[in-house]
Amino acid sequence: MPLFRRGLKTRKARSTDRLPPGQRLVRGWPVLHEGSVPRFDPSTWRLRVWGACEAPLALDWDAFSALPTFETTQDFHCVTTWSRYDNRWGGVSVQELLLRAKPRADARFVLLHSYDGVGYTTNLALSDFDRRENLIATHHDGAPITPEHGGPVRAVVHHLYAWKSAKWLSGIELLTEDQRGFWEVRGYHNHADPWLEERYSYME
Ligand SMILES: Nc1nc2c(c(=O)[nH]1)N[C@H]1C(S)=C(S)[C@@H](COP(=O)(O)O)O[C@H]1N2
Ligand SMILES: [Mo]
């Protein structure tokens, strides 16, 4: 039995509902990452999908750029407590790639790999990654994603804290067993749902 009748919900309550607990809204777009911004070389970059899949991929820039794209507007929540509303992302659907790579029936997890100097990785359940609104993004608010924001290609998984959205993406590894990524082995939560405030690993 709900404590309050639905009809009593105010407009203010509805907009507050958009901000996950412990977060604050920012107007700009902070830049956050470990290490320095890597140089992108279109002649050597590949987007690889490998591991527990039937048709591993190694797409070069031209092949990746030829894939169908879509746009979606989403909020972005960083575990350091800033949230940015209405990010208009453009890029390739994660599902578009997975359709081609054909994950095996026993694939249950993914580890995303970046081509930066720290070897950033982040892990997700395949069910969190394989969602229609997730992207391998190339555009933000209509413009190509800048290098400091992970351009030209980054992951975007908006329903989890933003550290799951790997910048400078070069690899998607399909796994049968979960394998913690860069922050997940350094005390951050394995799942990272901002609505449940899954910030740190001691909360697991
Ligand atoms: N390769 C890489 N990706 C990364 C990070 C990083 O350090 N390295 N930081 C993550 C974190 S903690 C956040 S909040 C977002 C920040 O994205 P932005 O800098 O575009 O706002 O990128 C995520 N992706
Ligand atoms: Mo973050």
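Residues numbered from 1 in each chain as written. Chains lettered and ligands numbered in written order. Predicted model: local features only at pLDDT ≥ 70, side-chain atom pairs only at ≥ 80, totals over all residues. Heavy atoms only, no water.

(A) Region of interest: the overall build of the protein chain. Helix and strand counts for the protein chain stand at four helices and eleven strands. Relative to the compact-globule value of 17 Å for 204 residues, the protein chain shows a C-alpha radius of gyration of 17 Å, a close match. Taken along its principal axes, the extent of the C-alpha atoms in the protein chain is 55 × 35 × 30 Å. Going through the 204 residues of the protein chain one by one, you find that 47% of them count as buried. In the protein chain, the 26 positive side-chain charges and the 25 negative ones have mean positions that sit 7 Å from each other. (Helix = DSSP H or I, 4+ residues; strand = E, 2+ residues; numbered from the N terminus. Rg over C-alpha atoms; globule rule 2.2 N^0.38 Å. Buried < 20%, exposed > 50% of the residue type's maximum accessible area, 1.4 Å probe, protein only. Lys, Arg positive; Asp, Glu negative; His and termini not counted. Charge placed at Lys NZ, Arg CZ, Asp CG, Glu CD.)

(B) Summary view of the packing of aromatic side chains. Across all of its chains, the model carries 16 aromatic pairs by this definition. Ring centres of Trp183 and Tyr188 lie 5.3 Å apart, and the angle between their planes is 75°; this geometry places the pair in the edge-to-face category. Members of the aromatic cluster, joined through ring pairs, are Tyr120, Tyr161, Trp163, Phe182, Trp183, Tyr188, Tyr200 and Tyr202. Looking at Arg18, its charged tip hangs above the ring of Tyr85, at a distance of 4.0 Å from the centre. The ring of Phe182 carries the charged tip of Arg186 above its face, separated from the ring centre by 3.8 Å. (Phe/Tyr/Trp six-rings, centres within 6.5 Å; stacked < 30°, edge-to-face > 60°. Lys NZ or Arg CZ within 6 Å of the ring centre and 35° of its normal.)

(C) Summary view of the site of ligand 1. The local shell around ligand 1 holds 20 residues, among which Pro30, Glu34, His149, Arg154 and Lys167 are the closest. Coverage of ligand 1 by the protein amounts to 98% of the 530 Å² it exposes when considered alone. At a threshold of 2 Å from the grid points, most atoms of ligand 1 map onto the largest pocket. For the shell around ligand 1, the per-class residue count stands at twelve nonpolar, four polar and four charged. (Near = heavy atom within 4 Å. Areas by Shrake-Rupley, 256 points an atom, 1.4 Å probe, with all protein chains shown as cover. 1 Å grid on protein atoms, 1.4 Å probe; cavity = no way out; pocket = protein on both sides within 12 Å on 5 of 7 lines; lining within 4 Å. Sits in = over half its atoms within 2 Å of the grid points. Nonpolar A, V, L, I, M, F, W, Y, C, P; charged D, E, K, R; others polar.)

(D) Just the layout of surface pockets, in detail. Within this model, the largest pocket holds a volume of roughly 390 Å³. Taken together, 23 residues make up the lining of the largest pocket; nearest its centre are Leu32, His33, Tyr120, Trp163 and Trp183. Per-class residue counts for the lining of the largest pocket are 15 nonpolar, four polar and four charged. (Points joined across faces, edges and corners; volume = space filled by probe spheres on them.)

(E) The environment of His140, seen in detail. Of note, His140 is situated in strand β8 (residues 135–140). By relative accessible area, which is 8% here, His140 ends up buried. As a C-alpha pair, His140 and Ser36 span 104 residues in sequence and 21 Å in three-dimensional space. Residues within four places of His140 in sequence aside, it is in contact with Trp29, Arg84, Asn87, Arg88, Trp89 and Ile145. (Contact = heavy atoms within 4.5 Å.)

Note that all results are geometric; they support no functional claim without further evidence.
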